[in-house]
Structures are given as structure tokens and as C-alpha cells.
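# Examining the three-dimensional arrangement
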Amino acid sequence: MDQQTEQDKLESIATPGVLDKYQNAGKITNIVLEKVIAKLQPDADIASICAFGDQEINGELQKVYNKKGIEKGLAFPTTISVNQVCGHYSPLKSESSKLVKGDVAKIELGVHIDGYIAIAAHTVVVGEDQVEGQKADVILAAYQSVQALFRSIKPGVTNTALTKIIQQVADDHKCTPLEGVLSHEVKRHFIDGNKVIINRETQEQRVDEEEIQVNDVFVLDVYITTGDGKTKESELRTTVYKRALDRQYQLKTKHGRAFMQEVYDKYPSLCFSLRAFEDEITAKMAIQECAKHELLNPYPVLTSQNGIVAQFTITVAVLANSTLQVSGLKLDETKFKPAHDLNDAALKELLKLPMDKDSQKKRHLEQKQKA
């Protein structure tokens, strides 16, 4: 697969059949995300639910694209991160924890078909049908931000303009966008493309301004916190990794070589969890050797020390006249009573816009005629 990487970067949704693969990956992402959400009950074990999510992805993938030579699998393992934990929590069975009523739980997972990636994340409050106050504000701020991005991302719009939208929504809800988060353009086999939208711009953290282009596919990843926006690496074990495609090294130990061979075979380019390996002890030993030689890129578990974090993630495909939502679930906003409402009139109007293809094309035509 390494020899294909430059060709993979040239593949786009204009290539026949590619958009279908993205959309089918998105359908499976949404199906499994809904099944995982249904499991989020008080006293439920997080590691068990994460394993269930991964199993469901593999089960759904067996139903599609069964021609020889088409790779299918996880693009991102199921993670369930609660309250101040920002993301990437996919614990080993021996280190798991249980959900508690009132937990603000963020579920993220992703699917690929032939290397074409769809990822989604959703936030729920465990065991509570009605949500009020700060929890409602932070969840609505994250959801409304990602929905505003969906309605704004189109050819010619800049990534910096999209970052400002997140800040506007968060400000109205008296919350803060999390620092250090990037929404990446995705390409075949590449989950973290070079074109990005930063979640929050600061003096220390900023990105080069770029325009969105036709045929871009983005994973719009929004994190909002009730805290100050800063993150800290937690003491929880990092279990989510991705192979470093530019690194080669012949490991010295037998268990290290066996571990990396399994990574090559099952997860050649995208993300996985140590939880997927049967022998926890061997996997923990092997990961240390792999890390020493930088063969894997870690996804550490970060926390927002003084706040509750909400996350919503959708995958979108930017077409010439419309933007297509590939993955991501709707939130029933009527179940949330925030302390602070969205005030910005332009944002309110933006969020009312219907996003079916015909409505988008009609708006595009009207704007062209005005111009």
C-alpha cells in the first residue's frame, strides 16, 4: 500500500465510484453509532461497548463491497470519552470504567471502504432524557457549530472564516472551543490531510489560510468545553494509534515483530486500538518498543481540566453546487434547555437553512444570478 500513497492523494470524489464508497462508509458509521448510543446506560462498561462498536462495524462491512481486492475496516476505533476527557478513550478490558448517570459521553468511530473514510462523533448525557444548564449549553454549542460549518463550507470559503464561526457559537453559549483540535481534509488512506480547519485560534496555535475547493472531503470535528479551552495529557493509557507510514525499522523482539505484522495486515494506514489485540500484556510490551522507534503515531487521552467537553463530528463532501453530509447524526435540540441561547441573528438564519441537495442548488443559482 505504501507505493500507492501518491496515487491515493490524487483520487477524488470526481473519480467514478469514489463518492459511493464514502457514502456507504458513512451509512455504516451512522448505523453503528446509533447502536452504540443505545448501549450508553448507567453502569455499562466502556471497554465492552467499544468492543461492541468495532464488532458491529466489521459485521456491517461484511454486507458490502465483497469483490476481491477491496480493503474494508475501521478508520477509527470506537471511543467513549466522558465529562472532562476530551477524546480517544478506548480502554483495555483490564483498565475499563463504567458509565454513571449524568455523564456527558462523547462517542467517536469511523469506517473505511477501499481507503475512503467516514468518521462521526456524537455527545449524549447518560440516563437523562432532558438536559439543562451548562451541559445543555456545551452540547448545543458543539452541535450548532458543526451544523453551521456544514452550511458554510463551500468552494472559495477560507478555513479561517470557518474557525470564526465556531468561536461565535461558543461565545453565545458562554463556552470555549477546545485548543489543539484540527478538522482535517481526508483522502484515500489518509485520515489527516494537510488542509485543516483549526477549532480555536490562539497566539501560539494558528494555521495557514487556505480556501476550500470543489471535491474536498472534510471530517468536521468540533470540541467545545465549559472550561478555559486548554488541554492536558491525562494519566489514562494511550490505546489508539496509527502506523507512521514514513517510518521503517526492523524490531528486535519476537513479540514486537509479531505485533507490527498484525498492524501491517489489519491496519496498514488507519487507526486502531490496543483493545483489538487478544493478548493485552504482549500488546503493551510491543507498543513500548514500537513507540521507541516511532513506528506508530499515538492519539493520547487529553482532558479539559476545569470543564465538561462536548464533541460533534461529521464527514462532508464539497461539490460544485452543494455540500453532502456523508456521516453524522442529528441531535434533538428540543431536549436541551441551555442557560444561554444563540443570539447572533445571522447564525440563527444560517442554521435554519435546509440542506437537501435541491435547496442548496437553488440557493447557489440565486447567488450566481445576484452576482
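Residues numbered from 1 in each chain as written. Predicted model: local features only at pLDDT ≥ 70, side-chain atom pairs only at ≥ 80, totals over all residues. Heavy atoms only, no water.

### Digging into the overall build of the protein
The helix and strand tally for the protein stands at nine helices and 16 strands. The C-alpha atoms of the protein give 20 Å as radius of gyration, which agrees with the globular expectation for 371 residues (21 Å, within 12%). When its C-alpha atoms are laid out on the principal axes, the protein stretches across 65 × 45 × 45 Å. Looking at the protein as a whole, 55% of its 371 residues are labelled buried. Partitioning the intrachain contacts of the protein with sequence separation of at least 6 by distance along the chain shows that 78% fall at a separation of at least 24. (Helix = DSSP H or I, 4+ residues; strand = E, 2+ residues; numbered from the N terminus. Rg over C-alpha atoms; globule rule 2.2 N^0.38 Å. Buried < 20%, exposed > 50% of the residue type's maximum accessible area, 1.4 Å probe, protein only. Contact = heavy atoms within 4.5 Å.)

### What to know about the pattern of salt bridges
When the charged atoms of two side chains with opposite charge come close together, those side chains can pair. Under the defined criterion, the tally for this structure stands at 18 salt bridges. Between Asp 114 and Lys 21 there is a salt bridge, with the nearest N and O atoms lying 2.7 Å from each other. One end of the pair, Asp 114, is in the loop between strand S2 (104-113) and strand S3 (116-125); the other, Lys 21, is in helix H2 (residues 18-38), and 93 residues separate them in sequence. Both residues of the pair, Asp 114 and Lys 21, belong to the buried class. Residues Arg 247 and Glu 294 are paired through a salt bridge, measuring 3.9 Å at the closest nitrogen-oxygen approach. Here Glu 294 lies in the loop between helix H7 (280-292) and strand S12 (296-299) and Arg 247 lies in the loop between strand S10 (240-243) and helix H6 (254-266), a separation of 47 residues in the sequence. The exposure class of Arg 247 is partly exposed, given its relative accessible area of 34%. Counted as one network, the salt bridges with shared partners bring together Lys 35, Glu 56, Glu 60 and Lys 63. (Salt bridge = Lys/Arg side-chain N within 4 Å of Asp/Glu carboxyl O.)

### Looking at the sheet that holds S10
If you trace the three strands from one edge of the open sheet to the other, you get S11-S10-S12, paired in antiparallel fashion. With partners counted over all chains shown, the strands left at the sheet margins are strand S11 (271-273) and S12, one partner each. When strand polarity is set aside, the average angle formed by the axes of neighbouring strands in this sheet is 35°. With three bridges connecting them, S10 and S11 associate as antiparallel partners. (Pairing = 2+ DSSP bridges. Axes fitted to C-alpha atoms, helices over the stretch in contact; angles between N-to-C directions.)

### Here we look at the environment of Phe 272
Assignment of secondary structure puts Phe 272 in strand S11. A relative accessible area of 0% means that Phe 272 is categorised as buried. Those residues within four positions of Phe 272 in sequence are excluded, and the remaining contacts are Pro 77, Thr 239, Val 240, Tyr 241, Lys 242, Arg 243, Phe 259, Val 263, Tyr 267, Phe 277 and Leu 296.

### Some words on the packing of helix H4 (residues 133-152) against helix H5 (residues 159-172)
Their axes nearest at 9 Å, the elements H4 and H5 cross at an angle of 150°. Taken together, the axes of H4 and H5 lie roughly antiparallel to each other. In the crossing of H4 with H5, the sense of the turn from one axis to the other is right-handed. Residues Ala 141, Gln 144, Ser 145, Ala 148, Leu 149 and Ser 152 of H4 pack against Leu 162, Ile 165, Ile 166, Val 169 and Ala 170 of H5. (Parallel < 35°, antiparallel > 145°, perpendicular 65-115°, else oblique. Left-handed = near helix turned anticlockwise from the far one by under 90°.)

### A few points about the UniProt feature "domain: Peptidase M24" (unreviewed entry) in the protein
In this structure's numbering, the residues bearing the UniProt feature "domain: Peptidase M24" (unreviewed entry) are residues 21-225. Taken end to end, residues 21-225 is 33% helix and 24% strand, and its two terminal C-alpha atoms sit 34 Å from one another. (UniProt positions renumbered as here; feature names shortened; annotations may be inferred.)

### Let's talk about the domain arrangement of the protein
Often, the extent of an interface is quoted as the loss of accessible area on bringing the components together. The domain architecture assigned to the protein consists of domain 1 (8-237 + 300-369) and domain 2 (240-297). Measuring from the centre of the C-alpha atoms in domain 1 to the corresponding centre in domain 2 gives 27 Å. The interface is formed by 25 residues belonging to domain 1 together with 14 residues belonging to domain 2. Joining domain 1 to domain 2, the criterion identifies three salt bridges. The salt bridge involving Arg 275 is made with Asp 54; its shortest N-O contact spans 2.9 Å. (Domains from an automatic or database assignment.)

### Some remarks on the packing of aromatic side chains
Using the criterion set out here, one finds nine aromatic pairs in the structure. A centroid spacing of 5.2 Å and a plane angle of 70° characterise the contact between Tyr 143 and Phe 312, whose relative ring orientation is edge-to-face. Here Phe 312 lies in strand S14 (residues 309-318) and Tyr 143 lies in helix H4, a separation of 169 residues in the sequence. Classification of Tyr 143 as buried rests on a relative accessible area of 6%. An aromatic cluster is built from Tyr 241, Phe 259, Tyr 267, Phe 272 and Phe 277, whose rings are joined through pairwise contacts. (Phe/Tyr/Trp six-rings, centres within 6.5 Å; stacked < 30°, edge-to-face > 60°.)

### Remarks on unusual backbone geometry
Although it is not a glycine, Asp 114 adopts a positive phi angle of roughly 60°. Although it is not a glycine, His 189 sits at a positive phi angle of roughly 70°. Looking at the element boundaries, His 189 is found in the loop between strand S6 (182-184) and strand S7 (196-198).

### Notes on the pairing of S3
With 10 of its 10 residues buried, S3 lies for the most part within the structure. Burial along S3 is two-sided: Tyr 116, Ala 118, Ala 120, His 122 and Val 124 and Ile 117, Ile 119, Ala 121, Thr 123 and Val 125, pointing in opposite directions, are all buried. Taken together, the 10 bridges between S2 and S3 define a ladder with antiparallel strand orientation. Looking at the pairing, Glu 108 lines up with Ala 121 of S3.

### Quick word on H5
Across its 14 residues, H5 extends 21 Å between first and last C-alpha, which sits within 8% of the 20 Å expected from 1.5 Å per residue. Taken as a whole, H5 has its buried residues at Asn 159, Thr 160, Leu 162, Thr 163, Ile 165, Ile 166, Val 169, Ala 170 and Asp 172. Looking one or two places after H5, you find Lys 174, whose phi comes out positive at around 55°. (Expected span 1.5 Å × (residues − 1).)

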